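So you can see what is in the structure, the chains are spelled out below.
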Amino acid sequence: MPNLLINTTFNINRLLLLLATVCWLASCGIKADDTGDYSEQFKTFSTNLSKPRHHISLEDDQRFIDSGFREIKNPYINDIFRYYGLKYLYYKRGIMKPRMALVYADSMLMMAKKSITRKQYVSNYAEANFAMGDAYFDLSQLSHAYQCYYQGYFLGKNNLKNEILAEYTYRMGMVMFKQGHYPEAANYFKTSFRQSLSYKDSFTAFYQRQELLDNIGESFKNNGELDSAAIWFNKTLRYINNNSSGYQNQGQARLTNVARAVVYGNQGEIAMLEGQSAQAEELLQKSIKINLKKINDFTNAQLAEINLGKLYINTRRYQPFATLFSDLRRQLDTVKNEEAETNWYFLMSKYYQQTGDFANAYKHVQIYNSLKDSTSKRINSLKETDVIQQKENYDKQYQIEDLKDNNKLQRIYIYLSAICAGMAIIIILLVYRNWKKSKQDVQIVSDLNKQINLQKTDLEVTLEELKQSDQEKDRILRAVAHDLRNPIGGIASLSQVMMEDELTDDQKELIALIKETSNNSLELINEILEVTNNGTAQLNKELVDMNSLLNMSVELLRFKASEKNQTIKLELLTDPEDLFVSREKIWRVVGNLISNAIKFSPAGETIFVKATVAKSELIISVKDAGIGIPESVGTKVFNTFTEAKRPGTAGEKSFGLGLSISKQIIESHNGRIWFDTNPKAGITFFIALPRQQKSDSPKVQNSDLEIKAYS
């Protein structure tokens, strides 16, 4: 039969770990009401319980648990459930009283049924059934144990992790094994092995997996399928040999050898049943040699000795049999083993019979029959309720529940189908009505499209006429400006000459007025010509040293600034840089911005001109301390003949064309122009021009660096 003793040792630790994991993973955050979590008081209680000073003895543990739980006011459902779980562990694992453990397991089930959330219900209900199943198993009430395992497994199989489900399937397999349903037991053990692969790698996981493989082999052996049993025993031994290298401390190595010895004993029994006496004797002796050592599996060693005794009796080797069974008698007097005891008397009766001592043979047969009757009664009590039939009943019961659920779903689907059909009919009617209405709408839209197309054609004709009119306007402006520039220029020149003659003060004042008016008119004419030519004139670009251009622009305007006692500070590039631009146009823009700074700054102020490099652009800034630009006209300063024009601080005229011209020039160079204004600190205009990449710099020889453009 499967190695229950060793498995129990490791499953105690696994169950304790499982309970602790559920306890801590279920708790999260502070909640004012019970919503399926643990209360804060219980969390504090659990923390204190884990401290070593409370674990001097089992009784100390229980006193602390009882007193600590009584201090929790208004405990949550999970608090009560976990308290019952701790009491269950005390009676089940601590003092081995399965009947009292069953009482607390039943209380756990009662609290699980009061769960608030589904997650809480599934976890607690499955754990409570697991606990009840173990209690019933210890009481040898296998049918009740199986029922609890089955209910917990059925509920949790789609909600719990495989490492937890593996414990359920293992126990259901043990119930089947004890009742003699070996094929079903083998299937459960196989399922448990697959689920146990979800365990984290550890010695406990390794030991349980090898035990499951061995249990599968034992199930096949007891069912008479010796070939299948041999295959699974070989798999068990390979698994042990391939996976035990990482577990080499003294305790782990000892238990690994015990596991090997159990497999050797099973393989020896298979060889004996198949008539391979020499191999059977070797394997059984290996198993006995290991497990007869101190603190190893004495019970398994005794069963292996029984099988070796059968081999000696069958092959009529009486001397080794007598020696072996004499040693076994001394062992059984020390370590009780009901199965080995029964078989010892049976084989001793055969020994005495075959050696002619019929009196002793008879005496041993009588003892054997008495022990066999006792064992048979115990086995029959385990089989009072057929678990297979019970399983079929459970399956049918759950199938009925599934059918009821399916019927409910089908009714819901029928209702939904009827609703969908009704909605589909309504939609079809709406679509039909809208289709009829849309035919009229389509005609209306068609008429509107025709009207729009006609309007579009009219607009295109009008735009073309406006374009031609604009071009004609520019031509007339150029002609008028050109025709006016010469006579007005002559008037300005004559007034300058006349200022040098000896005239009265009144005459000089009138002539100065004529001169100023002529110069203003010439400036306006030049700006009009600039505006009308910017749209059509072709840019003559060349490589221009921007430091040189800025320096010359500032020097030519210093005289104009000095008339208002203003100074111009220039900050050039540290590393001179050439840009591929129109020298005359860029000079025009820079000069216009500096002239505006002079015009709109009070006397005595300083004007700052600065050049900087920012990634792919060269930025020129002109900052003054003037009157700034009001926010209300800030968006209009770049418009032609803008309404935002204002006189300078000394009454200088402004025509509203300079910034418009500057914007056209900068944009024709793929640049940007903008400003930042502050009513208290003046205004700063910025020009950003794209820098020249080395790879696409034009080859210009003998660049004209003369200053004729500035004259």
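Our structure is the block above this text.
Residues numbered from 1 in each chain as written. Predicted model: local features only at pLDDT ≥ 70, side-chain atom pairs only at ≥ 80, totals over all residues. Heavy atoms only, no water.

**Observations concerning the overall build of the protein chain**
Defined as follows: Secondary structure elements are taken from DSSP: a helix is a run of H or I of four residues or more, a strand is a run of E of two residues or more, and numbering for both begins at the N terminus. Classification of residues uses two cut-offs on accessible area relative to the type maximum, computed with a 1.4 Å probe and protein chains only: under 20% is buried, over 50% is exposed, and between them is partly exposed. Residues are treated as being in contact if the distance between any of their heavy atoms lies within 4.5 Å. The protein chains shown are the only cover counted for residues, whose accessible areas, like all others here, come from Shrake-Rupley with a 1.4 Å probe.
Scanning the protein chain from terminus to terminus reveals 22 helices and seven strands. Looking at the protein chain as a whole, 42% of its 711 residues qualify as buried. In the protein chain, of all internal contacts separated by at least 6 residues, the share reaching a separation of at least 24 is 66%. Accessible surface, the protein chain as shown: approximately 39,900 Å² in total, 54% of it carbon and sulfur.

**Things to note about the pattern of salt bridges**
Opposite charge on two side chains makes pairing possible when the charged atoms of those side chains draw close. Convention followed: Criterion for a salt bridge: a side-chain nitrogen of Lys or Arg within 4 Å of a carboxyl oxygen of Asp or Glu.
Under the criterion given, the structure shown has 18 salt bridges. When the shortest N-O distance is used, the salt bridge between K87 and D66 registers 3.3 Å. Of this pair, K87 sits in helix α4 (residues 77-94) while D66 sits in helix α3 (residues 58-70), and the two are 21 residues apart along the sequence. Assessed through its relative accessible area of 5%, K87 is described here as buried. Between E617 and R672 there is a salt bridge whose closest N-O contact spans 2.7 Å. Here E617, found in strand β5 (residues 617-623), pairs with R672, found in strand β6 (residues 672-678); they are 55 residues apart in sequence, far enough to count as distant. Accessibility expressed as a relative area gives 21% for E617, which makes it partly exposed.

**Section: the nonpolar core**
Applied cut-off: In this text, buried Ala, Val, Leu, Ile, Met, Phe, Trp, Tyr and Cys residues form a nonpolar core when linked through side-chain atoms within 4.5 Å.
Within the largest apolar cluster, 83 residues are counted, with the highest numbers of intra-cluster contacts made by Y88 and F189. Broken down by element, this core gets its largest block of residues, ten residues, from helix α6 (residues 118-138). Look past the residues within four positions of F189 in its chain and what remains in contact with it is Y170, G173, M174, F177, L212, N215, I216 and S219. Listed in part, the 38 residues of the second largest apolar core include M546, L549, V581 and A611.

**Looking at unusual backbone geometry**
The backbone phi angle of N565 is positive, close to 55°, even though this residue is not glycine. Assignment of secondary structure puts N565 in the loop between α20 (546-562) and β2 (567-571). Positive phi values are uncommon outside glycine, yet N670 reaches one of about 60°. Assignment of secondary structure puts N670 in the loop between α22 (658-668) and β6.

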